[in-house]
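# Structural description and commentary
Here is what each chain is made of, one letter per residue.
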Amino acid sequence: MAAWTERAELLFKKEGLENLKKANVLIVGVGGVGSFAAEFIARAGVGKMTIVDGDVVDITNINRQLPALHSTVGLPKIDIVGNRLLDINPELQLTKVKEFLSPERAFEIVTEDYDYVLDCIDSLTPKLNLIIAAKRKRVKIISSMGAGGKMEASKVKVADINSTVNCFLAKAMKKKLKAVKIDKLKVVYSSEIQDETSLKMTDGSNFKKSFYGTNSYMPGLFGLHAAETVIRYLLKNNEPNTKTSNS
C-alpha cells in the first residue's frame, strides 16, 4: 500500500482499492466539470485514465475551472490537468488526447477497454456523438448537463435523463437521443430553474452561440457527483470492464 492511499484503504478496504487500481476510465472534457471529476477519480486511486480535450485556458475560465490561473492562460488544459494528475499519482497510467472530439473520433476513442466514460463536454453535438458511441459499444457513461445559470448546490443530483426538469441542455438532449433510439442515460443535472437573465448571446462567430453565467462551485459540484457515481460503481465490481447495465 502506498502511503498516500492509507486513508482511502481504510474506507474502501483493500479489495475496493484494488478494484480502483485495475479500473480504466475515460474523461472527455477537462474544463469546469471534467477537471474536478478527473482529480477526484485520480485521488481515489483509479489506475488508468484517458483524458480528452483540445482547448486552451481562457481568462474567463478562471472563476470555475481547476486548470485556469492567470499564469496558465493560453496553455492547453489537458497538459495542465495531466501534469497535476501525475503529481497526485505518479503510477497513474495516463493517456492524453489533445483534440476536440469529432463524430468519427468518438467512435474510435470509446472502446470496451473502459469501465466508465464521463461526458464533461459543454457542446450539444459532441456530447451526443460521445453518448452514442458509448451506448453502441455498451460502455457505461454518465453525462453532465447544464451547470450554467444555477446557484443552489442542493438541487444538483444524479438521475436518468428522462427524470430531469428545468435543464435546457437535458431537454435538447432528450430530443436528440429519442431520434437515435436511446431511451436511457445517467446524467448529473440541477433541478433549479435557470436564471435566464444571466444568458449572454453572441454574434454567432463564437463556437458557442450563447452561454449562461457560471459561479465557482457549481461545475465542480457536477464533477463531484459524476466522480462519486463512477468511484462507487468501480468499488463494487471485482473485475474491470463488467458491463452489467448500459444506463
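The rules behind these values
- Residues numbered from 1 in each chain as written.
- Predicted model: local features only at pLDDT ≥ 70, side-chain atom pairs only at ≥ 80, totals over all residues.
- Heavy atoms only, no water.
- Helix = DSSP H or I, 4+ residues; strand = E, 2+ residues; numbered from the N terminus.
- Buried < 20%, exposed > 50% of the residue type's maximum accessible area, 1.4 Å probe, protein only.
- Pairing = 2+ DSSP bridges.
- Axes fitted to C-alpha atoms, helices over the stretch in contact; angles between N-to-C directions.
- Parallel < 35°, antiparallel > 145°, perpendicular 65-115°, else oblique.
- Contact = heavy atoms within 4.5 Å.
- Nonpolar A, V, L, I, M, F, W, Y, C, P; charged D, E, K, R; others polar.
- Core = buried A, V, L, I, M, F, W, Y, C linked by side-chain atoms within 4.5 Å.
- Phe/Tyr/Trp six-rings, centres within 6.5 Å; stacked < 30°, edge-to-face > 60°.
- Lys NZ or Arg CZ within 6 Å of the ring centre and 35° of its normal.
- Expected span 1.5 Å × (residues − 1).
- Lys, Arg positive; Asp, Glu negative; His and termini not counted.
- Salt bridge = Lys/Arg side-chain N within 4 Å of Asp/Glu carboxyl O.
- Polar contact = N/O pair within 3.5 Å; in protein donor to acceptor, adjacent residues only side chain to side chain.

Looking now at unusual backbone geometry. Unlike most non-glycine residues, arginine 138 shows phi in positive territory, near 60°. Assignment of secondary structure puts arginine 138 in the loop between α5 (124-136) and β5 (141-144). We note that lysine 181 has phi near 60°; this positive angle belongs to a residue other than glycine. Given the relative accessible area of 75%, lysine 181 is considered exposed.

By the bridge criterion, 5 bridges tie strand β2 (residues 48-52) to strand β3 (residues 93-97) in an arrangement that is parallel. Of the residues in β3, the one forming a bridge with threonine 50 is threonine 95.

Across the interface, helix α1 (residues 6-22) lies against helix α7 (residues 218-236) with an axial gap of 8 Å and an inter-helix angle of 110°. The angle between α1 and α7 places the two elements in the roughly perpendicular class. Between α1 and α7, the residues in contact are Phe12, Gly16, Asn19 and Leu20 and Ile231, Leu234 and Leu235, respectively. The residue makeup of the contact of α1 with α7, split by class, is 5 nonpolar, 2 polar and no charged.

Judged by nonpolar contacts, the single largest core of 38 residues is most densely connected at Ile27, Ile41, Met49, Leu85 and Leu118. Membership of the second largest hydrophobic core comes to 30 residues, among which are Val28, Leu101, Val110 and Leu185.

With the rule as written, the count across this model stands at 3 aromatic pairs. Ring centres 6.4 Å apart and planes at 40° place the aromatic pair phenylalanine 36 and phenylalanine 40 in the tilted group. Taken together, the positions of phenylalanine 36 and phenylalanine 40, both in helix α2 (residues 32-44) and 4 residues apart, correspond to about one turn of that helix. Taking the relative accessible area as the measure of exposure, phenylalanine 40 reaches 31% and is therefore partly exposed. For the pair phenylalanine 168 and tyrosine 212, a centre-to-centre distance of 6.4 Å together with 20° between the ring planes defines the contact as stacked. Remark: tyrosine 212 occurs in strand β9 (residues 210-212) and phenylalanine 168 occurs in helix α6 (residues 168-179); sequence separation between them is 44 residues. Over the aromatic face of tyrosine 233 sits the side chain of lysine 140, whose NZ or CZ is 5.1 Å from the ring centroid.

The next thing to look at is the sheet that holds strand β4 (residues 116-119). Taken together, 7 strands build an open sheet; the order of strands is β3-β2-β1-β4-β5-β7-β6 and the sheet is mixed. The sheet is open, and its two edges are formed by β3 and β6 (156-160), each paired on a single side. The average angle at which neighbouring strand axes cross in this sheet is 20°, direction not considered. When β4 meets β5, the two strands line up parallel, connected through 3 bridges. When the sheet's bridge partners are listed, valine 117 is paired in β5 with isoleucine 141.

Take α1 next. For the α-helix, the turn length of 3.6 residues means that residues three or four positions removed from each other point alike. Over its 17 residues, α1 extends only 17 Å from the first C-alpha to the last, a length that falls short of the 24 Å expected when each residue adds 1.5 Å. Listed as buried for α1 are Ala8, Phe12, Gly16, Leu17, Asn19 and Leu20. Against α2 and α7 lie the buried residues of α1.

Mapped onto the elements of the fold, lysine 150 is located in the loop between β5 and β6. Here lysine 150 is buried and forms no salt bridge, its nearest opposite-charge partner glutamate 192 lying at an N-O distance of 5.9 Å. Looking at lysine 150, its side chain comes within polar contact range of the main-chain oxygen of glutamate 192, at 2.3 Å.

Here we come to the pattern of salt bridges. Here the structure, examined in full by the defined rule, presents 10 salt bridges. A salt bridge links arginine 84 to glutamate 39; its shortest N-O distance comes to 2.4 Å. Here arginine 84 is found in helix α3 (residues 77-88), whereas its partner glutamate 39 is found in helix α2, with 45 residues between them in sequence. Of the charged contacts, one joins aspartate 119 and lysine 127 as a salt bridge, the two residues approaching to 2.9 Å between their closest N and O atoms. Counted as one network, the salt bridges with shared partners bring together Glu39, Arg43 and Arg84.

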